Amino acid sequence: MTAAWNPLGNAILQSARLHSARVALDDGRRTLTFAEADAEIRGLVAGLDRFPAGTVIALIGANRAEYVLSDLAATVGAFVRLGLNKRLHPSEVVSGIARAGVAILFCDAEWAAKIAGHVAAAPSLQMVVAFDTIDDASRAAFAAADIDVASYAALANGATDGGFQARGTTPDATATLIFTSGTTGTPKCVAHPRSAQIAIARSMAALSAARPDDVLAMPLPQSHAGGLFSQSHFLAGARQLIIDRASDQELLDLLAGGEVTALASVPTVLEPLAKLALAAGLSFPALRRVYYGGAPMRVDVVRDVLRAFGPALTQLYGQSESGLPITAMTPWDYAEALQRGDEARLAAAGRPWGLAELALFGAGGEPTAPGEVGEICVRGDTVMTGYLGDEAATRAAFDGDGWLHTGDLGRFDPDGFLSVVGRQRDVIITGGFNVYPAEVEAAISTLAGVRDVIVIGVSDAKWGESICAVVVPRGAGGITRDDVIGACEARLGRYKVPKTVRLAAGLPVGATGKVDKRTLVGKLDELTTVL
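For the structure given in this document, a descriptive report is provided here. (Residues numbered from 1 in each chain as written. Predicted model: local features only at pLDDT ≥ 70, side-chain atom pairs only at ≥ 80, totals over all residues. Heavy atoms only, no water.)

1. Points about the overall build of the protein
The secondary structure content of the protein amounts to 19 helices and 27 strands. For the protein, whose C-alpha radius of gyration is 24 Å, the value lies close to the compact-globule estimate of 24 Å for 531 residues. Long-range contacts, defined here as pairs at least 24 residues apart, represent 66% of the contacts in the protein between residues at least 6 apart. For the protein, the computed accessible surface area is about 22,000 Å², with 53% contributed by carbon and sulfur atoms. Distance from the positive charge centre (47 side chains) to the negative charge centre (57 side chains) of the protein: 2 Å. (Helix = DSSP H or I, 4+ residues; strand = E, 2+ residues; numbered from the N terminus. Rg over C-alpha atoms; globule rule 2.2 N^0.38 Å. Contact = heavy atoms within 4.5 Å. Areas by Shrake-Rupley, 256 points an atom, 1.4 Å probe, with all protein chains shown as cover. Lys, Arg positive; Asp, Glu negative; His and termini not counted. Charge placed at Lys NZ, Arg CZ, Asp CG, Glu CD.)

2. Looking at the packing of helix α1 (residues 7–18) against helix α3 (residues 65–76)
For the pair α1 and α3, interaxial distance at closest approach is 7 Å and the crossing angle is 130°. With respect to their mutual orientation, α1 and α3 come out oblique. Between α1 and α3, the contacting residues are Leu8, Gly9, Ile12 and Leu13 on the first element and Leu72, Thr75 and Val76 on the second. When grouped by side-chain class, the residues that make up the contact of α1 with α3 number 5 nonpolar, 2 polar and no charged. (Axes fitted to C-alpha atoms, helices over the stretch in contact; angles between N-to-C directions. Parallel < 35°, antiparallel > 145°, perpendicular 65-115°, else oblique. Nonpolar A, V, L, I, M, F, W, Y, C, P; charged D, E, K, R; others polar.)

3. Focus: the side chain of Ser70
Turning to its location among the elements, Ser70 is positioned in helix α3. Ignoring anything within four residues of it in the chain, the contact list for Ser70 reads Leu44, Leu59, Phe106, Phe131 and Tyr152.

4. Remarks on the state of the cysteines
A complete count under the given rule lists 0 disulfides for this structure. Looking at Cys189, it has no disulfide partner, and the nearest cysteine sulfur is the one in Cys107, 19 Å off. For Cys189, a relative accessible area of 2% puts it in the buried group. Looking at the unpaired Cys488, the closest cysteine sulfur is the one in Cys468, lying at 12 Å. (Disulfide = S-S within 2.5 Å. Buried < 20%, exposed > 50% of the residue type's maximum accessible area, 1.4 Å probe, protein only.)

5. Considering the nonpolar core
Note that soluble globular proteins tend to have their nonpolar side chains buried in a common cluster. Within the largest apolar cluster, 52 residues are counted, with the highest numbers of intra-cluster contacts made by Ile41, Leu48, Ile104, Phe106, Phe229 and Phe234. Looking at which element gives the most residues to this core, the answer is α3, with 8 residues. In this structure, Leu241, Ala274, Val290 and Val299 belong to the second largest nonpolar core, which totals 33 residues. (Core = buried A, V, L, I, M, F, W, Y, C linked by side-chain atoms within 4.5 Å.)

6. So, the pairing of strand β5 (residues 104–107)
In β5, alternate side chains face the same way, and those of Ile104 and Phe106 on one face and Leu105 and Cys107 on the other are all buried. One ladder, built from 4 bridges, connects strand β3 (residues 56–60) with β5; its direction is parallel. Opposite Ile60, over in β5, you have Cys107 as the bridge partner. When β5 meets strand β6 (residues 127–130), the two strands line up parallel, connected through 4 bridges. Paired with Ile104 across the strands is Met127, a residue of β6. Taking the sense of rotation as the criterion, the β-α-β connection linking β5, helix α5 (residues 109–115) and β6 turns out right-handed. (Pairing = 2+ DSSP bridges. Right-handed = clockwise from strand over helix to strand, strands pointing away.)

7. Remarks on helix α12 (residues 299–309)
An α-helical turn contains 3.6 residues, so any two residues separated by three or four positions project in the same direction. Of all 11 residues making up α12, 8 are buried, and the element is well covered by its neighbours. Listed as buried for α12 are Val299, Val301, Val302, Asp304, Val305, Leu306, Ala308 and Phe309. Buried residues along α12 sit against α10 (248–256), α11 (267–280), β13 (289–292), β14 (313–319), α13 (331–340) and α14 (343–346). Gly310, located one to two residues past α12, shows a positive phi value of around 80°.

8. Some thoughts on the packing of aromatic side chains
Remark: the centre distance and the inter-plane angle together describe each pair of aromatic rings, the angle taken between the planes. One pass over the full model with this rule turns up 7 aromatic pairs. The interplanar angle of 75° and the centroid separation of 5.8 Å between the aromatic rings of Phe131 and Tyr152 together place this pair among those described as edge-to-face. Of this pair, Phe131 sits in the loop between β6 and α6 (136–144) while Tyr152 sits in helix α7 (residues 152–156), and the two are 21 residues apart along the sequence. Here Phe361 and Trp403 contribute two aromatic rings whose centre-to-centre distance is 5.5 Å and whose plane-to-plane angle is 75°, an arrangement assigned as edge-to-face. Linking Phe361 in strand β17 (residues 357–361) with Trp403 in the loop between α15 (391–397) and β20 (404–412), this pair joins segments that are 42 residues apart in sequence. (Phe/Tyr/Trp six-rings, centres within 6.5 Å; stacked < 30°, edge-to-face > 60°.)

9. Here we look at α13
Where α13 is concerned, the buried positions are Pro331, Asp333, Tyr334 and Ala337. One side of α13 carries all its buried residues, which in axial view fall inside an arc of 160°. Away from its buried face by more than 90 degrees, α13 exposes Trp332 and Gln339. The inward-facing, buried residues of α13 abut β13, α12, β14, β15 (323–329), α14 and β16 (351–352). (Arc of directions from axis to C-beta.)

10. What about the sheet that holds β3?
The sheet built from 8 strands is open, its strands ordered β7-β6-β5-β3-β4-β8-β9-β19 with mixed pairing. Lying at the two open borders of the sheet, with one neighbouring strand each, are β7 (148–151) and β19 (386–387). Inspection of the sheet shows β6 paired to β7 by 4 bridges, in the parallel sense. From the neighbouring strand, Met127 faces β7, where its bridge partner is Asp148. This element, α3, spans β3, β4 (80–83) and β5 of the sheet and lies at about 165° to β3.

11. Quick word on unusual backbone geometry
The step from Leu324 to Pro325 runs through a cis peptide bond, and the omega angle for that step is -20°. On the secondary structure map, Pro325 appears in strand β15. The phi angle at Ala78 is positive, at roughly 60°, despite the residue not being glycine. Positionally, Ala78 belongs in the loop between α3 and β4. Owing to a relative accessible area of 2%, Ala78 belongs among the buried residues under this scheme. At Ala209, a residue that is not glycine, the phi angle is positive and equals roughly 50°.

Written out as structure tokens, the structure reads:
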């Protein structure tokens, strides 16, 4: 029998067959071989057979084996996959379910209870698949809304025939949905077609360089990039340690055990990990890859991570609309930058990766020369179709030549390495000069007493905007205004030096874990004090 067109779905099933006896997933509760994972994926797809290909499935909950397998089943079943951020409020989750037209929700008991009282606002929802037993009150609320409740275990353990294959789809059919972080207003719902999902999977496979003998420590949320890393390692036949909550010390102990060969993380986790590792004098000979993304990492932290974990660091850059990765910094890129003592290269986002086509354009639409700042624009197979239900925003995101305008600003160096200098909306115009916050933040970050820093523009009667640096100090040692101003004057033109320096105990973050600049600006006097 000829397999239906679903290359990625069939690749998932093929990997499960090729590596059947190996351990695929271990979340501390359950350990599953690839054969067992395969059976559960097939059971889920068969159990949802009454829902046609293209039905929207959403997932929310803690990192666990069932989440990973439900995610893979969405691809095998040719469903549309939407990962929902577990840091959102239940009303926001239900709003997302309604906007995306979700028919099936996979969730744990905790999230079932959280949304049960809100489901009247999501008329598209037809079924909740619970990873574990949900309470009677939640069941009653779902029943009152005419929503079926199914057990994950019952579906996953359903029998399937030996000739089971991935369900058919088409290259232009919608494959994934993801909501943007919404830092400038209502989150938009980004739609990617199957062709983009496959292109992203290929790029992730090449970047991860995953092997069957790898053991991936996976503490990233499965709803976002964590799901892409899980998929690439499942396709490679690697073992995954699915982690929901772990302290820095617990994660370090896991890495020091000598079994883990790859870690997917973010800068806010890598910074304390590296410091703990260096303080303890630990070594990690088994660790081949330390992946990170989601935010830039200060140069001093990059150096610490490289000292702590060796030549393993791999950075990927992209956004929801562009797909991942559009650029990458590989271990050998970092090694070369260290050898050259190139601070700018260590802070870069890497070079274009895979088949992504990148260009930088000035305000008038003209290409920029190396060293000049321009808007980062992308064309290629990983790019979104558009924003679901928002044709005006989709048209605004693309130009007539098919370039996606990301809103990020960057510059290429002569060797083609991209440095991201900020968001277009974050540029500070002071006295007619453009100042990119990332440059000022990089200068201030060189101070040992600075744990974190954000640079913003504030209204100024004379200059239009003036530069304000909000600094989170490290420890009790303290930081002075003179320290901050001096670090900037030593590295930057005078018009880039902050007029105001403020202290904060911490920076507000949104649901995706990124700094919420809107909240910071709106509550500046409440959250900070002037130095």
